[in-house]
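Structural overview
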Amino acid sequence: MSTGYPPEILKFIEEEMASGHYEDESALVTEALEVFRELKQRQAELKQQIQQSLEAEREGRVMPLDIDAIVSELESCC
């Protein structure tokens, strides 16, 4: 087991390895990094969407929300 990890990460690795879901530590770390990469990509996409929304607001390309219409729609669908 690698020793360069903080104790709480080592404990997590040990628990995951004991669960039998991973062939070895490398497989666990690889999956963790893939998930991390996906999260980073989603975070970047969300930041871009936020920036686009802020730009649309600054340019006056937004409409106020009609809360009553939203509530009504939600009530009718469920």
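Report on the accompanying structure. Source: prediction; values computed, not measured.

A tally of helices and strands in the chain yields three helices and zero strands. Starting at the N terminus and walking to the C terminus, you meet the elements of the chain as α-α-α. At 22 Å, the chain has a C-alpha radius of gyration far larger than the 12 Å of a compact globule built from 78 residues. C-alpha atoms of the chain, sized along the principal axes, occupy 55 × 35 × 20 Å. Counting across all 78 residues of the chain, residues that qualify as buried make up 8%. Accessible surface, the chain: about 6900 Å² in total, of which carbon and sulfur atoms supply 56%.

Glancing now at the pattern of salt bridges. In this structure the tally under the stated criterion is three salt bridges. Of the charged contacts, one joins Glu15 and Lys11 as a salt bridge, the two residues approaching to 3.1 Å between their closest N and O atoms. One end of the pair is Glu15 and the other is Lys11, both in helix H1 (residues 7-19) and four residues apart, which spans about a single turn. Look at Glu15 and you get partly exposed, because its relative accessible area is 41%. A salt bridge links Glu59 to Arg61; its shortest N-O distance comes to 2.7 Å.

What follows concerns helix H2 (residues 25-58). Look at H2: 49 Å from first C-alpha to last across 34 residues, which is about the 50 Å you get at 1.5 Å a residue. Looking at H2, one finds that the buried residues are Glu25, Leu28 and Ala56. Turning to H2, the residues buried within the fold contact H1. The N-cap residue of H2 is Asp24: its side-chain oxygen and the backbone nitrogen of Ser26 are 3.2 Å apart. Two residues or fewer past H2, Gly60 is found with a positive phi of approximately 75°.

Here we come to H1. The end-to-end C-alpha distance of H1 is 18 Å, a good match for the 18 Å that 13 residues give at a rise of 1.5 Å each. At the C-terminal side of H1, Gly20 shows a positive phi close to 85°.

About the thresholds
Residues numbered from 1 in each chain as written. Predicted model: local features only at pLDDT ≥ 70, side-chain atom pairs only at ≥ 80, totals over all residues. Heavy atoms only, no water. Helix = DSSP H or I, 4+ residues; strand = E, 2+ residues; numbered from the N terminus. Rg over C-alpha atoms; globule rule 2.2 N^0.38 Å. Buried < 20%, exposed > 50% of the residue type's maximum accessible area, 1.4 Å probe, protein only. Areas by Shrake-Rupley, 256 points an atom, 1.4 Å probe, with all protein chains shown as cover. Salt bridge = Lys/Arg side-chain N within 4 Å of Asp/Glu carboxyl O. Expected span 1.5 Å × (residues − 1). Contact = heavy atoms within 4.5 Å. Polar contact = N/O pair within 3.5 Å; in protein donor to acceptor, adjacent residues only side chain to side chain.

In short, shape yes, function no, at least from these values alone.
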